[in-house]
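Architecture and fold: a report
Each chain, written out:
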Amino acid sequence: MADSTLPDRLSNDPDSPYYNEELLQRDIGIRFAGKEKTNVEEYCVSEGWIRVAAGNARDRHGKPLTIKLKGPVEPYFKDAK
């Protein structure tokens, strides 16, 4: 991918309008409130939140239940050093 900037919002759910398979194939890291997070399902930088899986719980469609955490979000490409 020629453009090395991440979007304001990104989801790893293929049914989401914020899903981008090309971007997700790259190694993306998320820093939330100064700590590295590895279980992020979706993020939004401008609104300041991430969604993380709530344990092993699933909804009626088999997708993980998520909780929204609010705070500063910093997405980055792990390979961009």
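The following refers to the structure shown. (Residues numbered from 1 in each chain as written. Predicted model: local features only at pLDDT ≥ 70, side-chain atom pairs only at ≥ 80, totals over all residues. Heavy atoms only, no water.)

**Digging into the overall build of the chain**
When its secondary structure is counted, the chain shows one helix and seven strands. Along the chain, helices and strands appear, N-terminal first, in the series β-α-β-β-β-β-β-β. Scaling as 2.2 N^0.38, a compact globule of 81 residues should have a C-alpha radius of gyration of about 12 Å, and the chain matches this with 13 Å. With the C-alpha coordinates aligned to their principal axes, the bounding extent of the chain is approximately 40 × 25 × 20 Å. Among the 81 residues that make up the chain, the fraction classed as buried is 23%. Taking all contacts inside the chain whose residues are at least 6 apart in sequence as the whole, residues at least 24 apart take part in 47%. In the structure as shown, the chain presents an accessible area of about 5,500 Å², 46% of it carried by carbon and sulfur atoms. (Helix = DSSP H or I, 4+ residues; strand = E, 2+ residues; numbered from the N terminus. Rg over C-alpha atoms; globule rule 2.2 N^0.38 Å. Buried < 20%, exposed > 50% of the residue type's maximum accessible area, 1.4 Å probe, protein only. Contact = heavy atoms within 4.5 Å. Areas by Shrake-Rupley, 256 points an atom, 1.4 Å probe, with all protein chains shown as cover.)

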